[in-house]
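Single-letter residue listing:
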Amino acid sequence: MTKHIPFFEYPRLWLDDREEFLSIIDNISTSGGFILQKAVSDFELELANYAGSKYAVGVGNATDGMEIFLEAIGINPGDEIIISSHTMLATASSIKVAGGVPIPVDIGEDNLINVQAIEDAITPNTVGIMPTQLNGRVCDMDSILAIAERHGLFVVEDAAQALGAKYKGQHAGTFGLASDISFFPAKVLGCFGDAGGVLVNDKALYHQIFQIHDHGRDTDGEVRRWGRNSRLDNVQAAILSYKLNTYDKVIARRREVAQMYQDRLGLLNELQLPAPPSETSDNFDVYQNYELTADNRDELKDFLGQKGIGTLIQWGGTAIHQFTQLGFNQVLPDTERFFERCIMLPMNVFISDTDIDYICDSVTEFYRK
Ligand SMILES: Cc1ncc(COP(=O)(O)O)c(C=O)c1O
């Protein structure tokens, strides 16, 4: 019998815990504390503690977060920042908006930024590296930090997809000067609208970021520079605080789902799966997405669609350097090949073990029929 397994069931974000969310919204609204009140400062503290960073600032969304920390660091016209071409357009656009030039490079075997490609792309104009901790997995940060040190570059992270992911025990978002986290609804920690956070360790940089996100006002209310408005709403902050309490359980379930996919699909030569969860490797992954590459990807997608299974090709199948209308002209063969073959299977806490069996049976049927 055909099942119906959407790629992501947005209404369940709300419906599965509706009473609790209603009561949180009621409490915040009744108190009248809508903007920059205790719910926000509480959540910022909890977020910083969770990720092991000194400070966190709630912002309107992760894209704003990147623009703000780049503005705080200070980018001059023409400054180049190296990014992976396998990332969301926001990584590149934030550099552009901050006044710099995004330089996309190829991916490595783990489908994250290729560290050799970073080194090859460095020019006299390069000022920084902004790796994306994509799909809930942290890049090879030892190598990236070593390259940065050798060449006198700063490192910032796009950790929008990676809250809770670790590399050698250290949390995503805490390796460089600053990082962004996204709380977009479908993120591992999501709320009911746009929201984001910035993680930062340096006190002076924290104050710059804080000022920019609130019209130039510092934590003491004094205006110290030009700024803008990109604040996290109190209602969203309170919901995020509530969800952060059970966040590790959510991660554990996602790792369980990834292991089931690995067990059931790992033997199909036509697929290249993401690294399975491991307690002993350098990487602790949170599986924001389960993105694999597949032979006959488009036919597989159609076949799964007929079986009622929702899949997604990330960012419409376009790598950053393929947005030629934005001025990119690189040729990046590994990324291009990846985007011809990539597909994401459902990965969330709403799918049951039976759903996973059905998905895996269907994928197997496609290749063995
Ligand atoms: C890798 C990456 N960077 C940045 C963003 C932007 O996040 P936001 O939508 O919160 O601005 C996203 C969101 O999907 C993302 O996946």
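Below: a short report on this structure. (Residues numbered from 1 in each chain as written. Predicted model: local features only at pLDDT ≥ 70, side-chain atom pairs only at ≥ 80, totals over all residues. Heavy atoms only, no water.)

**Quick notes on the packing of helix 2 (residues 18-31) against helix 9 (residues 234-244)**
Quick reminder of the rule: Lines fitted to C-alpha atoms define the axes, with helix axes restricted to the stretch in contact, and inter-axis angles between N-to-C directions lie between 0 and 180 degrees. Put simply, DSSP marks the helices as runs of H or I at least four residues long and the strands as runs of E at least two long, and each gets a number from the N terminus on. For this classification, under 35 degrees means roughly parallel, over 145 means roughly antiparallel, 65 to 115 means roughly perpendicular, and everything else is oblique. Crossing chirality is assigned from the near helix's rotation relative to the far helix, an anticlockwise turn below a right angle marking it left-handed and a clockwise turn marking it right-handed. Contacts are assigned to residue pairs that have any heavy atoms within 4.5 Å of one another. Residues were grouped as follows: Ala, Val, Leu, Ile, Met, Phe, Trp, Tyr, Cys and Pro as nonpolar; Asp, Glu, Lys and Arg as charged; and all remaining residues, including Gly, as polar.
Relative orientation of the contacting elements helix 2 and helix 9 amounts to 140°, with a least axis distance of 9 Å. Comparing the axis directions of helix 2 and helix 9 gives the class oblique. Along this stretch, helix 2 crosses helix 9, giving a crossing that reads as right-handed. Across the interface between the two elements, Glu 20, Phe 21, Ile 24, Ile 25 and Ile 28 of helix 2 pack against Asn 234, Val 235, Ala 238, Ile 239, Tyr 242 and Lys 243 of helix 9. Grouping the constituent residues of the contact of helix 2 with helix 9 by class yields eight nonpolar, one polar and two charged.

**A closer look at helix 8 (residues 203-213)**
Stated formally: Classification of residues uses two cut-offs on accessible area relative to the type maximum, computed with a 1.4 Å probe and protein chains only: under 20% is buried, over 50% is exposed, and between them is partly exposed.
For helix 8, the set of buried residues is Leu 205, Tyr 206, Ile 209, Phe 210, Gln 211, Ile 212 and His 213. Directly after helix 8, the chain includes His 215, whose backbone phi takes a positive value near 60°.

**A look at the layout of surface pockets**
To keep things clear, this is the line we draw: Cavities and pockets are defined on a 1 Å grid built over the protein atoms alone: a cavity is a set of grid points where a 1.4 Å probe fits but cannot escape, while a pocket is an open set with protein on both sides within 12 Å along at least five of seven lines, and lining residues are those with an atom within 4 Å of any such point. Grid points are joined across faces, edges and corners, and a volume is the space filled by probe spheres set on the points.
Taken as a whole, the largest pocket spans an internal volume of roughly 590 Å³. Taken together, 33 residues make up the lining of the largest pocket; nearest its centre are Met 88, Gln 161, Phe 184, Lys 187 and Trp 315. Those elements that provide at least two residues to the lining of the largest pocket are helix 4 (62-73), helix 5 (89-97), strand 9 (178-182) and strand 14 (342-345). Considering every element that reaches the lining of the largest pocket, the biggest residue donor is helix 4, with three residues. For the lining of the largest pocket, the per-class residue count stands at 18 nonpolar, 10 polar and five charged. The space that makes up the second largest pocket amounts to roughly 510 Å³. Forming the walls of the second largest pocket are 26 residues, and the residues nearest its centre are Glu 109, Asp 110, Asn 111, Leu 273 and Phe 338.

**Considerations on the site of the ligand**
Which entries qualify depends on this criterion: Neighbouring residues are identified by heavy atoms, a residue being near a molecule or strand if any of them is within 4 Å of it. Side-chain atoms alone can form a polar contact between residues adjacent in sequence; in general such a contact is a pair of N or O atoms within 3.5 Å, and within protein one must be able to donate a hydrogen while the other accepts it. Using the Shrake-Rupley algorithm and a 1.4 Å probe, accessible areas are obtained, with residue cover drawn only from the displayed protein chains. Occupancy of a cavity or pocket is assigned to a molecule whenever over half of its atoms lie within 2 Å of that pocket's grid points.
Around the ligand, the structure places 14 residues, and the nearest of them are Thr 63, Asp 158, Gln 161, Ser 182 and Lys 187. Within the backbone of Ala 62, an N or O atom sits 2.9 Å from an oxygen atom of the ligand. The separation between a nitrogen atom of the ligand and a polar side-chain atom of Asp 158 is 2.7 Å. Contact with the protein chains hides 91% of the accessible area of the ligand, taken as 390 Å² for the molecule alone. The site holding the ligand turns out to be the largest pocket. In terms of residue count, helix 4 provides more of the shell around the ligand than any other element does, three residues in total. In terms of residue class, the shell around the ligand is built from six nonpolar, six polar and two charged.

**Focus: the sheet that holds strand 14**
Applied cut-off: Two strands make a pair as long as DSSP finds a minimum of two bridges between them.
Strand order in the open sheet made by the three strands is 11-13-14, with antiparallel pairing throughout. At either margin of the open sheet sits one strand with a lone partner, and together these are strand 11 (271-272) and strand 14. As paired elements, strand 13 (residues 290-294) and strand 14 share four bridges and run antiparallel to each other. Bridge assignment links Thr 293 to a residue of strand 14, and that residue is Cys 342. Against the sheet, helix 10 (residues 247-265) contacts strand 11, strand 13 and strand 14, and its axis sits at roughly 20° relative to strand 13. This element, helix 11 (residues 297-306), spans strand 13 and strand 14 of the sheet and lies at about 25° to strand 14.

**Some remarks on the environment of Ile 118**
Within the element layout of this structure, Ile 118 appears in helix 6 (residues 115-121). With a relative accessible area of 0%, Ile 118 lands in the buried category. Sequence-wise, Ile 118 and Thr 246 are 128 residues apart; in three dimensions their C-alpha atoms are separated by 37 Å. Among all residues touching Ile 118, those that are not within four sequence positions of it are Ile 82, Val 105, Ile 113, Ile 129, Ile 144 and Ile 147.

**Details of the packing of helix 4 against helix 8**
Helix-helix packing is described using two parameters, namely the angle between the two axes and the distance between the axes. For the pair helix 4 and helix 8, interaxial distance at closest approach is 9 Å and the crossing angle is 125°. By the angle between their directions, the pair helix 4 and helix 8 is classed as oblique. Crossing hand, helix 4 versus helix 8: right-handed. Residue-level contacts link Ile 68, Phe 69, Glu 71, Ala 72 and Ile 73 of helix 4 to Leu 205, Gln 208, Ile 209, Ile 212 and His 213 of helix 8. Along the lines of polarity and charge, the residues of the contact of helix 4 with helix 8 split into seven nonpolar, two polar and one charged.

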